[in-house]
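# Commentary on secondary and tertiary structure
In case you want the letters, here they are:
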Amino acid sequence: MFRAEIPVDVFITSFFVLALCLVEVVDSCPRACFCNTINKIVYCSRKSLDVIPKGIPPNTKQLNFNENKFEVTTLMRQNFTDFRELEHLYLSACGIRAIEVGTFINLLNLKFLDLGKNDIKDLQDFTFRGLSLEHLFLNGNDGIKLHRDTFTGLNVQGLYLQHCGLDSVPYETLRAVNGSLTKLWLNNNNIKRLSSNFKNIFSSLSHLRLNSNPFHCNCRLRWLKSFYDSKESIFEGSHSPACNTPMYTNHRGFEKLTVADFRCEPPTFNNVDLLFSNNNGVLSCSASGDPAPYLYWVKPGGERLGFIPDSRDNAGRTDAEMMISYVKGNVHAGNYACVALNDGGNRIRLPQRLLRRNPRPICRNKIRLTSLLCNTMAS
């Protein structure tokens, strides 16, 4: 049998070259990390790192820093300038509080970005501009604030915002990624309402999670119930959205409610008072409904003085007080009306009649769903 013999000098040279390669690999991997040079993965998770270490190979495709606590809590462009081939970047639970605009501008190959479970409180406009991502994880950043253009300039397929303590989500913010977005997780937040504009975004999704939000299910959310009934398949894999209020919904999921259960209650008046003291008069009007009604006083000449409810969508009470001043013993005379209006469809007018001379009050009325004509007589 033929056996090829390798000259000793060739063998020694080859071994020396191999040794140099091994040394180069070891030197290019940070001491605390594990580097898979074949797959170009650098794994530095849970290494008690307080900074992003030096020595990371510039051709790295996957970089994992999960569960370290960085001393510098702001991400900057200089942190990732050299990693133009990077496809996966994991920065979950690293104590990050802020991200400078342009931080990821050089990462044109990035597909997977995990910024979950940090302390990010504010995502500035254009933070992710230029990126085209398959997944962007922002979950677990409690109290995070999203601006109108936070996602402008970003293409992303999956956006994950669960467990962020969100009270609301601006429609304009998500509209910026409409067209590329296919998966959206907004579950486990504090969202009570969503405008019907969101239907334009939700309709293009293949997966949507809205469960574990305290939705107030009045008629303004009826659109979402209708959408759920027609697109139930995109909610699969999680619990359905559920109603926290009104009380009659009894915390039931959408699948156990009908469209008719999503209703608004028309305004009811708590009181309409006409009070005078010294040289001033006060017209006071209070009404409740679901949603809390808008109130406005209509003056004799047709001028309106409006009062916006504190709670725009939830059930509640709105108060409206208007001062009337006397000028040389006279009062602005004429018919005054308090008008209550909400999505329940009722508009109720309660006229007040004021005479021209300094009056003494003869009525202080509390009424419910009735008309009132309150006259003040000259003293």
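This write-up is about the structure you can find in this document.

Thresholds, definitions, all that
Residues numbered from 1 in each chain as written. Predicted model: local features only at pLDDT ≥ 70, side-chain atom pairs only at ≥ 80, totals over all residues. Heavy atoms only, no water. Disulfide = S-S within 2.5 Å. Helix = DSSP H or I, 4+ residues; strand = E, 2+ residues; numbered from the N terminus. Buried < 20%, exposed > 50% of the residue type's maximum accessible area, 1.4 Å probe, protein only. Pairing = 2+ DSSP bridges. Axes fitted to C-alpha atoms, helices over the stretch in contact; angles between N-to-C directions. Salt bridge = Lys/Arg side-chain N within 4 Å of Asp/Glu carboxyl O. Core = buried A, V, L, I, M, F, W, Y, C linked by side-chain atoms within 4.5 Å. Contact = heavy atoms within 4.5 Å.

## Quick notes on the state of the cysteines
A full pass over the atoms with the stated rule returns five disulfides. Disulfide pairing places C217 opposite C243 at an S-S distance of 2.0 Å. Between C217 and C243, the S-S dihedral sits near -95 degrees, and the bridge is therefore left-handed. Placement of C217 in the loop between β14 (215-216) and α4 (222-230) and of C243 in strand β15 (residues 243-245) is noted, with a sequence separation of 26 residues between them. When its relative accessible area of 0% is taken as the criterion, C217 is described as buried.

## Describing the sheet that holds strand β9 (residues 132-137)
In space, the nine strands of this open sheet follow the order β1-β2-β3-β5-β7-β9-β11-β12-β13, with mixed pairing throughout. What marks the edges here is a single partner per strand, and that holds for β1 (34-36) and β13 (207-209). Within this sheet the neighbouring strands show an average axis-to-axis angle of 10 degrees, counted without direction. Bridge count for β1 against strand β2 (residues 41-43) is three bridges, and the pairing is antiparallel. Residue N36 lies in a different strand from β2, and its bridge partner there is I41.

## Focus: the pattern of salt bridges
By the definition in use, this model includes ten salt bridges. A salt bridge links E172 to R148, with the shortest nitrogen-to-oxygen separation between them at 3.9 Å. Separated by 24 residues along the polypeptide, E172 in helix α2 (residues 171-175) and R148 in the loop between β10 (145-146) and β11 (155-160) bring together distant segments of the chain. A network of salt bridges, in which partner residues are shared, links K61, E85 and E87.

## With respect to the nonpolar core
Membership of the largest hydrophobic core comes to 68 residues, with the highest contact counts inside it found for F104, L115, F128 and F202. Those elements giving two or more residues to this core turn out to be β9, β11, α2, α3 (199-202) and α4. Broken down by element, the residue count for this core peaks at four residues, all from α4. Contact partners of L115, with chain neighbours within four places excluded, come to L75, L91, I96, I99, F104, I120, F128, F137, L138 and N141. V272, L283, L295 and C338 belong to the second largest nonpolar core, which has 17 residues in total.

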